[in-house]
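Here are the chains, one letter per residue:
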Amino acid sequence: MFKTLMTALAGLGLSAAVSAQELVEGQHYTLLESPVSTQVEEGQIEVTEAFWFGCPHCYRLQAPVSEWFETLEDDVSVVHLPATMGGDWNTHATAFYAAESLGIRDELHADFFSAIHEDGRSLTEADEIAEFFSNYGVSTEEAKQALGAFSVRSDVNKAHSRMREMRLMGVPALVVDGRYVITPSTAGSLENMPQIADALVERVRAERAE
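Each chain carries its own residue numbering, running from 1 in the direction its sequence is written. Thresholds applied to this predicted model are a pLDDT of at least 70 for local features of residues and 80 or more for the giving and counting of side-chain atom pairs; totals over whole chains, interfaces and linings are not thresholded and use all residues. Only hydrogens and water are removed before side-chain values are computed, so all heavy atoms of the structure are retained for them.

### Digging into helix H8 (residues 192-209)
Counting from the N terminus, the helices are the DSSP runs of H or I reaching at least four residues and the strands are the DSSP runs of E reaching at least two. To estimate the expected span of a helix, subtract one from its residue number and multiply by 1.5 Å. Helix length check: H8 (18 residues) gives 26 Å between terminal C-alpha atoms against 26 Å at 1.5 Å per residue, within 8%. Regarding H8, the residues found buried are Asn192, Met193, Pro194, Ile196, Ala197, Ala199, Leu200, Val201, Arg203, Val204 and Arg205. In this analysis, two residues are considered to be in contact whenever any of their non-hydrogen atoms come within 4.5 Å of each other. Among the structural elements, strand S2 (45-51), helix H1 (56-71), strand S3 (76-82), strand S4 (173-176), strand S5 (180-182) and helix H7 (184-187) are those in contact with the buried residues of H8. To sort residues, take the accessible area from a 1.4 Å probe on protein chains only and compare it with the maximum for the residue type: under 20% means buried, over 50% means exposed, and anything in between is partly exposed.

Here's what the structure looks like:
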């Protein structure tokens, strides 16, 4: 059963700024034996955020990781990867890609999380999701068409393949440059995840400059 990763009980006590030299493989991050191909433009450093809208840890991570995303330099591209392991996971992944196809993903993303974790909504039925989408300038008919679109189903399948390639056994997770995987367990806390990812971005940048 695919489960959300539990936050480690004890944090690492990381400082606000962590250097790449301080990071230890197996302690702060794991390294994929077979790096996956990145999906960003040449020269960009990819940061993938794997999440599930229904995951409380993913919800708690949104504030710190969103603040970090705002600080990233122009050579870093963020890819949001909804986890796809059947049932409600796939339904929410479908909602993510449907919203993306309708051009409302950016404004809807945080609200979708909040509706589930603050308002107690499940958002697992097509009618309910379509009604939610209608708050963002699309009709319920347009929303339902997007939710059932072949292209959206294809995106969900691709996301599932991506999760398997990255060997992700839970969410939330951050993957830097298709190689470095950061989870709550390796980071020691949700709050440490962006700090470690930032240091690994610096490591990739330094590697490419050599």
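Resuming the write-up.
### Some remarks on the side chain of Arg203
With respect to the secondary-structure elements, Arg203 resides in helix H8. Counted charges follow a simple rule, with Lys and Arg positive, Asp and Glu negative, and His plus the chain ends left uncounted. By definition, a salt bridge exists where a carboxyl oxygen of Asp or Glu is found within 4 Å of a side-chain nitrogen of Lys or Arg. Here Arg203 sits buried without a salt bridge, and the closest side chain of opposite charge, Glu207, lies 5.1 Å off (N-O distance). Setting aside anything within four residues of it in sequence, one finds Arg203 in contact with Ala20, Leu23, Tyr29 and Tyr180.

### So, H1
The end-to-end C-alpha distance of H1, which contains 16 residues, comes to 24 Å, matching closely the 22 Å that a straight helix rising 1.5 Å per residue would cover. One fitted axis covers the seven residues ending at a residue, a second covers the seven starting there, and the bend at that residue is the angle between these axes. Bending of H1 peaks at approximately 40° at the position of Gln62, with proline Pro64 no more than four residues after it. Those residues of H1 lying buried are His57, Cys58, Leu61, Gln62, Val65, Trp68 and Phe69.

### With respect to the confidence of the model for the chain
Model confidence for the chain is summarised by a mean pLDDT of 91, while 91% of its residues fall at 70 or above. The score called pLDDT rates the predictor's confidence residue by residue, from a low of 0 to a high of 100. Across residues 1-13 the pLDDT falls below 50, and counting only partners more than four positions away or on other chains, this stretch makes 43 contacts in the model.

### Describing the domain arrangement of the chain
For the purposes of this description, domain bounds are those given by an automatic or database domain assignment. The assigned domain composition of the chain is domain 1 (42-83 + 173-209) and domain 2 (84-167). The centre of domain 1, based on its C-alpha atoms, is set 21 Å off from the matching centre of domain 2. Taken together, the contacts link 18 residues of domain 1 with 20 residues of domain 2. Note on definitions: buried area is the accessible-area loss of two parts on being combined, 1.4 Å probe, summed for both. Summing the contributions of domain 1 and of domain 2, the shared interface buries around 1800 Å²; its carbon and sulfur component is 75%. Counting the contacts that link domain 1 with domain 2 gives one salt bridge. Each polar contact in these results corresponds to two N or O atoms within 3.5 Å; when the atoms are within protein, one needs to be able to donate a hydrogen and the other to accept it, and residues that are neighboring in sequence are counted only if both atoms are side-chain atoms. Taken together, the links from domain 1 to domain 2 amount to four residue pairs in polar contact (both at pLDDT 80 or more). Those elements that provide at least two residues to the side of domain 1 that touches domain 2 are S2, H1 and S3. When residues are grouped by polarity, Ala, Val, Leu, Ile, Met, Phe, Trp, Tyr, Cys and Pro land in nonpolar, Asp, Glu, Lys and Arg in charged, and all others, Gly among them, in polar. Its residues assigned to classes, the side of domain 1 that touches domain 2 comprises 13 nonpolar, four polar and one charged.

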